Amino acid sequence: MTTRSRRDQLQDNLNRTREAIVAASSDAGRASDSVRLIAVTKTFPAADAAALVDLGQADLGENRDQEAAPKAAELAAQGREPVWHFVGRLQRNKARSVASYAHWVHSVDRVPLADALDAAATAHGRRLNALVQVSLDGDVSRGGTPVAEVEALAERIAAAPSLVLKGVMAVAPLGWEPGKAFALLAECAEKVRSVDPAAAEVSAGMSGDFAAAIAAGATMVRLGRNVLGEREPMA
Ligand SMILES: *Cc1c(COP(=O)(O)O)cnc(C)c1O
């Protein structure tokens, strides 16, 4: 059970966050319904995720399968069916689990992972929306494919029968000015649209930099702390 006060707190946070998205969209001369909020529930209990769904927040994000799989199962058992977005680094051996509950995978960053997700989605009889995660600074140890390889990976995803190429995703590199990072991501988004013009989603922007991401064309912002509150430091 979520206490009444926690629910109120989440409602307030959601309202404030949605207003901030509307303001950033309007500053950028964009329609606010062109930006989709993904509430990143990682490290927060399933009860918080359930409360968000009840408050009308249908898109939820997670970054670790070990945490996401049981949370998704718990909500499904309650009859709550959010749209789950997997946004974290993903090992191939987790593809089968992730493909069983996720509707979107934002972090497809290499061909073997794309192939494993495609095979897993096929085995589950599902289709998965896939974004090419880009490593804007080329430090692939933090996830993402190098800028030079974005198009080839997009082609591989577009050819995969159970994956739907939807666009690009990135995290602004540490120490980079967000505007510079998201401008480079916009160039990568253009390359992906050259593979499939319908693959126009740009997943960019976290709690600290989402206004800059919206200014640069983000269609999905992934916000954790703004909606849920500060997290305990992760192990
Ligand atoms: C945790 C996380 C977010 C949300 O970060 P906040 O700073 O809490 O908004 C967004 N994207 C990814 C990939 C994450 O892991």
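These notes cover the structure that comes with them. (Residues numbered from 1 in each chain as written. Predicted model: local features only at pLDDT ≥ 70, side-chain atom pairs only at ≥ 80, totals over all residues. Heavy atoms only, no water.)

**Overview of the overall build of the protein chain**
For clarity, the cut-off: What counts as a helix is a DSSP run of H or I of at least four residues, what counts as a strand is a run of E of at least two, and both are numbered from the N terminus. We compute the radius of gyration from the C-alpha atoms alone; for a globule the expected value is 2.2 Å times N to the 0.38, where N is the number of residues. Only the protein chains shown count as cover for residues, with accessible areas throughout obtained via the Shrake-Rupley method and a probe of 1.4 Å.
Helix and strand counts for the protein chain come out as nine helices and nine strands. Against the compact-globule benchmark of 18 Å for 235 residues, the protein chain has a radius of gyration of 17 Å, which places it among compact chains. Of the accessible surface of the protein chain, which amounts to about 10,500 Å², a share of 50% is contributed by carbon and sulfur atoms.

**Brief notes about the packing of aromatic side chains**
What counts, and what does not: Centre distance within 6.5 Å is the pairing criterion for rings of Phe, Tyr and Trp, where only the six-membered ring of Trp is used; planes under 30 degrees apart are then read as stacked, over 60 as edge-to-face, and the remainder as tilted. Here, over-ring charges are defined by two tests on the NZ atom of lysine or the CZ atom of arginine: distance to the ring centre within 6 Å, and angle to the ring normal within 35 degrees.
For the structure shown, the criterion picks out zero aromatic pairs. The ring of W176 carries the charged tip of K180 above its face, separated from the ring centre by 4.1 Å.

**Re the pairing of strand β3 (residues 83–86)**
What counts, and what does not: Only strands that DSSP links by at least two bridges are regarded as paired with each other. By convention, orient the strands away from the viewer: a clockwise path from the first strand over the helix to the second makes the crossover right-handed.
In this structure, strand β2 (residues 59–62) lies alongside β3, joined through four bridges in parallel fashion. Looking at the pairing, L60 lines up with W84 of β3. Taking the sense of rotation as the criterion, the β-α-β connection linking β2, helix α3 (residues 65–77) and β3 turns out right-handed. In this structure, β3 lies alongside strand β4 (residues 104–108), joined through two bridges in parallel fashion. Residue pairing across strands places F86 opposite V105, the latter belonging to β4. In this fold, the crossover linking β3 to β4 by way of helix α4 (residues 95–101) has right-handed handedness.

**Quick word on the site of the ligand**
Where we set the bar: Proximity is defined per residue: any heavy atom of the residue falling within 4 Å of a molecule or strand makes that residue near it. Polar contacts, as counted here, are pairs of nitrogen or oxygen atoms within 3.5 Å of one another; within protein the pair requires one atom able to donate a hydrogen and one able to accept it, and residues that are adjacent in sequence qualify only if both atoms are side-chain atoms. Nonpolar residues are Ala, Val, Leu, Ile, Met, Phe, Trp, Tyr, Cys and Pro. Charged residues are Asp, Glu, Lys and Arg, and all others, Gly as well, are polar.
Every residue lining the ligand is accounted for by V40, K42, N63, V87, M169, M206, S207, R222, L223, G224, R225 and R231. Within the contact set of the ligand, an oxygen atom lies 2.7 Å away from a side-chain nitrogen or oxygen of K42. Residue composition of the shell around the ligand, by class: five nonpolar, three polar and four charged.

**Quick notes on the environment of D209**
Counted only if it meets this: Residue contacts are counted whenever heavy atoms from the two residues lie within 4.5 Å of one another.
Position of D209 among the secondary structure elements: in the loop between β8 (201–203) and α8 (210–215). Linking D209 and G144, residues 65 residues apart in sequence, is a C-alpha distance of 19 Å. Contact partners of D209, with chain neighbours within four places excluded, come to A172, P178 and F182.

**Observations concerning helix α7 (residues 178–195)**
For clarity, the cut-off: Take the number of residues in a helix, subtract one, and multiply by 1.5 Å to get its expected span. Buried residues are those whose accessible area, probed at 1.4 Å on protein chains only, stays under 20% of the maximum for their type, while exposed residues exceed 50% and partly exposed ones sit between those limits. The reported arc concerns the directions from the helix axis to the C-beta atoms and nothing else.
With 18 residues, α7 should cover 26 Å at 1.5 Å per step; its first-to-last C-alpha distance of 26 Å lies within 8% of that length. Here α7 has its buried residues at A181, F182, L185, C188, A189 and V192. Along α7, the residues classed as buried sweep out an arc of 115 degrees about the axis, all on the same side. Those residues of α7 that are exposed and aimed more than 90 degrees away from the buried face are E190 and S194. Close packing links the buried residues of α7 with β5 (128–135), α6 (150–159), β7 (163–169), β8 and α8. In this structure E177 caps α7, since a side-chain oxygen of it lies 3.1 Å from the backbone nitrogen of G179.

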